Amino acid sequence: MSFTFDIPRIETERLILRAPAETDFPAFAAFYGSERARFVGGPITPELAWRMLAMETGHWALRGYGRWIAEEKTSGAPVGMIGLFNPEGWPEIEIGWDLFNGFEGKGYATEAARAARSHAYDVLGLPAVMSLVKPANTASARVAERLGARLEGQFIHERHGPMNLWRHPAAADLRKGAA
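Residues numbered from 1 in each chain as written. Predicted model: local features only at pLDDT ≥ 70, side-chain atom pairs only at ≥ 80, totals over all residues. Heavy atoms only, no water.

Engineer: Describe the pattern of salt bridges, naming the residues involved and giving the relevant values.
Structural biologist: Evaluation of the coordinates by the stated rule reveals 11 salt bridges. With a shortest N-O distance of 2.6 Å, Arg 18 and Glu 71 are connected by a salt bridge. Of the two residues, Arg 18 is situated in strand S2 (residues 15-18) and Glu 71 in strand S3 (residues 67-72); the sequence distance between them amounts to 53 residues. Each member of the pair, Arg 18 as well as Glu 71, is classed as buried. Between Asp 98 and Arg 67 there is a salt bridge, with its nearest N and O atoms 2.9 Å apart. One end of the pair, Asp 98, is in strand S5 (residues 94-99); the other, Arg 67, is in strand S3, and 31 residues separate them in sequence. Beyond isolated ion pairs, a larger network of salt bridges with shared partners links Arg 18, Asp 24 and Glu 71. (Salt bridge = Lys/Arg side-chain N within 4 Å of Asp/Glu carboxyl O. Helix = DSSP H or I, 4+ residues; strand = E, 2+ residues; numbered from the N terminus. Buried < 20%, exposed > 50% of the residue type's maximum accessible area, 1.4 Å probe, protein only.)

Engineer: Which residues make up the nonpolar core, and what values go with them?
Structural biologist: Within the largest apolar cluster, 47 residues are counted, with the highest numbers of intra-cluster contacts made by Phe 28, Tyr 32 and Trp 97. Listed by contribution, the elements that provide at least two residues to this core are S2, helix H1 (25-32), helix H2 (46-63), S3, strand S4 (78-85), S5, helix H3 (108-123) and helix H4 (138-146). If you tally residues by element for this core, the top one is H3, at 8 residues. Aside from chain neighbours lying at most four places away, what touches Tyr 32 is Ala 37, Val 40, Gly 42, Pro 43, Ile 44, Ala 49, Met 52, Arg 67 and Asp 98. (Core = buried A, V, L, I, M, F, W, Y, C linked by side-chain atoms within 4.5 Å. Contact = heavy atoms within 4.5 Å.)

Engineer: Which residues make up H4, and what values go with them?
Structural biologist: Considered for burial, the residues of H4 that qualify are Ser 140, Ala 141, Val 143 and Ala 144. Within H4, the buried residues cover an arc of 155° as seen down the axis, which keeps them to one side. If you follow the buried residues of H4, they end up packed against S5, H3, strand S6 (130-133) and strand S8 (161-167). Looking one or two residues beyond H4, the residue adopting positive phi is Gly 148, at roughly 85°. (Arc of directions from axis to C-beta.)

Engineer: Which residues make up unusual backbone geometry, and what are the values?
Structural biologist: Along the chain, Gly 42 connects to Pro 43 via a cis peptide bond; the corresponding omega equals -5°. Relative to the helices and strands, Pro 43 resides in the loop between H1 and H2.

Engineer: Can you break down the side chain of Ser 131 residue by residue, with the values?
Structural biologist: Tracing the backbone through its elements, the reader meets Ser 131 in strand S6. Judged by its relative accessible area of 1%, Ser 131 falls in the buried class. A distance of 2.7 Å separates a polar side-chain atom of Ser 131 from the backbone oxygen of Ile 95. One polar contact links Ser 131 to His 168, side chain to side chain, over a distance of 2.8 Å. (Polar contact = N/O pair within 3.5 Å; in protein donor to acceptor, adjacent residues only side chain to side chain.)

Engineer: Could you give an account of the pairing of strand S7 (residues 150-157), naming the residues involved and the relevant values?
Structural biologist: Alignment of S7 against S8, held across 7 bridges, turns out to be antiparallel. Residue pairing in the sheet places Phe 155 in a bridge with Met 163 of S8. Counted along the chain from S7 to the antiparallel partner S8, the turn is 3 residues long. (Pairing = 2+ DSSP bridges.)

Engineer: How would you summarise the packing of aromatic side chains if you had to cite specific residues and measurements?
Structural biologist: In the structure shown here, the tally under the stated rule is 7 aromatic pairs. With centroids separated by 5.4 Å and ring planes inclined at 75°, the aromatic side chains of Phe 25 and Trp 50 adopt a geometry described as edge-to-face. Note that Phe 25 is positioned in helix H1 and Trp 50 in helix H2, a separation of 25 residues in sequence. On the basis of relative accessible area, Phe 25 is assigned to the buried category, the value being 19%. Measuring from ring centre to ring centre gives 6.1 Å for Phe 28 and Phe 100, while their planes differ by 85°; the resulting arrangement is edge-to-face. Pair noted here: Phe 28 is in helix H1 and Phe 100 is in the loop between S5 and H3, with a separation of 72 residues, a long-range link. Of the two residues, Phe 28 and Phe 100, neither departs from the other in class, the shared state being buried. Chaining the aromatic ring pairs together yields one cluster made of Phe 28, Phe 31, Tyr 32 and Phe 100. Over the face of the ring belonging to Phe 85 we find Arg 67, whose NZ or CZ atom lies 5.3 Å from the ring centre. (Phe/Tyr/Trp six-rings, centres within 6.5 Å; stacked < 30°, edge-to-face > 60°. Lys NZ or Arg CZ within 6 Å of the ring centre and 35° of its normal.)

Shown next as structure tokens:
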């Protein structure tokens with residue numbers, strides 16, 4: 001049995017951004033249980049990963065937006081969780097990207113984050129968004145840069161500690177041709 005609510009489906013050149021599903025849990029838990037998750041609160045146990053997946057899904061119900069599972073069109077494999085995130089304690093709406101094991105280095109985070117930003121601006125009408133990146137997470141900082149984001153300052157989170165705040169080009173600036 002499953003509870004359903006409307007989570008938009010977005011297609012990019014290589015990806016489908018879709019609602020999280022229980023079938024995504026093995027890839028989700030493998031990533032969040034690995035050392036690769038050190039910048040996003042991991043590694044964590046499968047039980048805590050289950051709670052995190054439930055939180056990500058519930059975020060849609062509580063906020064009306066959230067992060068999608070990015071699925072590779074050619075294989076149907078879940079490649080990561082990417083989209084809009086604004087839990088309690090966050091300074092504002094973020095575009096976040098977590099790529100599952102084996103899918104890094106292919107441009108998927110940039111492609112999906114660009115689609116999420118378009119959704120934020122064109123569908124939700126948000127004027128601007130940001131991304132939070134741990135200072136040592138150079139791969140994520142490069143994604144932010146490829147998206148045209150600029151390092152604006154630092155945010156201190158009560159659990160995650162210092163995080164760099166990257167400001168994405170505003171909706172109005174993108175309409176003028178920036179990034």
